[in-house]
Amino acid sequence: MIDFSFPLCETYTDAIASSSLIKTPPNGWVSGCLYDRNGAIIALSQRFGGFHGDFFPNSDDETITTDNMIDLPVLSAKSLYLGHFMPHYGHFLVEMLSSFWMYDKFYSFDHFVFHPFVFGETYPSYLVEAFKAFGLPLSKIHIIKTQTILAEVTIPERLVKLNKSAKNEVRKVYQFLTHTLSTGDSHSINRCYYISRVRMSLRSGQRVIINEPFIECVLNKMGFETIYPELLSLAEQVSLFNQADIICGLSGSALHNCVFMRPHSLLIEIADLRSRDTTHPMQMICNNLSNITYHLIPFSGLVIHQENQLGSISITPLVRRIESIVKQYRVEQGMPNSTRAHSATLERCRLNTLMIMKNSLRLLKWVLMQKILRM
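Residues numbered from 1 in each chain as written. Predicted model: local features only at pLDDT ≥ 70, side-chain atom pairs only at ≥ 80, totals over all residues. Heavy atoms only, no water.

## Points about the sheet that holds strand β15 (residues 266-270)
Using the following cut-off: Strands are labelled as partners when DSSP assigns at least two bridges between them. Numbering of helices and strands runs from the N terminus, with a helix taken as a DSSP run of H or I at least four residues long and a strand as a DSSP run of E at least two residues long. Only the stretch in contact is used when a helix axis is fitted, and all axes are lines through C-alpha atoms; the angle between N-to-C directions ranges over 0 to 180 degrees. Any two residues having at least one pair of non-hydrogen atoms within 4.5 Å are treated as being in contact.
Reading across the sheet, the five strands line up as β13-β12-β14-β15-β16 and stay open at both edges, with parallel pairing between neighbours. Of all strands in the sheet, those bounded by a partner on one side alone are β13 (225-227) and β16 (293-297). Adjacent strand axes in the sheet meet at a mean angle of 20 degrees, parallel and antiparallel pairs treated alike. With three bridges joining them, strand β12 (residues 192-195) and β13 adopt parallel strand pairing. For Y194, the partnering residue across the bridge sits in β13 and is T226. Along the sheet face, helix α5 (residues 212-221) touches β12, β13 and β14 (246-250) and points at about 175 degrees away from the line of β12.

Take a look at the structure:
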């Protein structure tokens, strides 16, 4: 999964950025890449997609006609092509940033060029933070939707192939962000965090573990502090993961933040209904990049609605498994066997009640719909 070969980088004059097209699933695909002045595709500019459940394989023509190019808009001076614009946090972290390994040369470019992707063109705060850290001015960003001539363009290889592999050099990107953004006190023992999906579940209603509030409560008693990552800035997330001794959480993009964890710190992933007993390939790649200690706890509980990935996890066996993993890890690291329990805040109690009520209503709705469909 980790490729130790040196990244590729190519420069072209009068390259052509193609128009961008996106077809949504099912049978989705995306197009958008660069062609040389003769209309031949530049393979290094293509996104690797469609692998292991990714919904968007690329659908770029091998050649394009170069007739009537004289009327196309031109980006003069020097451009850097950074792939597809991805404001979705997980894809931003593992795909978009994987083309940023030339950050120490960003100052020498006049334009930073992207093709659009399925997540829109918004600038969430974490993206703005990252661009600022890398010295990439928002005023120099161009998201190309129609054919455009790039007078001179440099194309760094995208070092992550989603769900398949990553080049070792991408560690340099995460180490830079850790060095630039991480703040706080020096490392100490017993920094244990539970990364909650409660707020995201309330918002989306997808991949919901309806009794996650109870998981929060029992882990709080074990000394884990509950964290809602969507409430944190990028710098705060980087700092938290970098300073943590133990991170625990349900499967999802937030756990990709393990790329900022210190080597041999502990990540415990609780599987949900997307992948019940195996680690998702992209998570495994992130684990390998960070060289952490990792444990997957397979899903054990009630499947309520498979299509919507709605379920409930059996608390008692989960707690026993976490206790066993943590105890063994603390012994190996020479850490105390117990930590201070965190008291529940009024806000957390409100969230827990709200999630239980909202997911109960969702469940009731799905049950009624199933009965209606069978009538």
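## With respect to the side chain of E269
Quick note on the threshold: Think of it in three bands: with a 1.4 Å probe and only protein chains considered, a residue is buried below 20% of the maximum accessible area for its type, exposed above 50%, and partly exposed in between. A residue counts as positive if it is Lys or Arg and as negative if it is Asp or Glu; His and the chain ends are not included. Any carboxyl oxygen of Asp or Glu that lies within 4 Å of a side-chain nitrogen of Lys or Arg is treated as forming a salt bridge with it. Polar contact is defined as a pair of N or O atoms within 3.5 Å, subject to the rule that within protein one atom must be able to donate a hydrogen and the other to accept it, and that residues adjacent in sequence are counted only when both atoms are side-chain atoms.
Mapped onto the elements of the fold, E269 is located in strand β15. Despite its burial, E269 remains without a salt bridge, the nearest opposite charge being carried by R274 at 5.8 Å. A polar contact of 2.6 Å, which involves the side chain of E269, links it to the side chain of S251. Only 2.5 Å separates the side chain of E269 from the side chain of Y294, close enough to count as a polar contact.

## Section: the pattern of salt bridges
According to the stated counting rule, one finds eight salt bridges in the structure shown. One salt bridge in this structure joins R37 and D14, with 3.6 Å as the shortest N-O distance. Here D14 lies in strand β2 (residues 9-17) and R37 lies in the loop between β5 (34-35) and β6 (74-85), a separation of 23 residues in the sequence. Take R37: its relative accessible area is 47%, and that puts it in the partly exposed class. Across the pair R47 and E95 runs a salt bridge, and its minimum N-O distance is 2.9 Å. Remark: E95 occurs in the loop between α1 (89-94) and β7 (111-116) and R47 occurs in the loop between β5 and β6; sequence separation between them is 48 residues. For the pair shown, R47 and E95 are each scored as buried. Among the ionic contacts, a cluster of salt bridges with common partners joins R47, D54 and E95.

## Focus on the nonpolar core
To be explicit about the condition: Definition used in this section: a nonpolar core is a set of buried Ala, Val, Leu, Ile, Met, Phe, Trp, Tyr and Cys residues joined via side-chain atoms within 4.5 Å.
Ranked by internal contacts, the top residues of the largest apolar core, which has 89 residues, are F224, I247 and I322. Of all the elements, helix α8 (residues 315-333) adds the most residues to this core, at six residues. Sequence-distant contacts of I322, that is, excluding residues within four places in its chain, are made with L219, M222, F224, C248, I268, I270 and I297. If you look at the next biggest cluster of nonpolar residues, it comprises 12 residues, including L34, I42, Y81 and V113.

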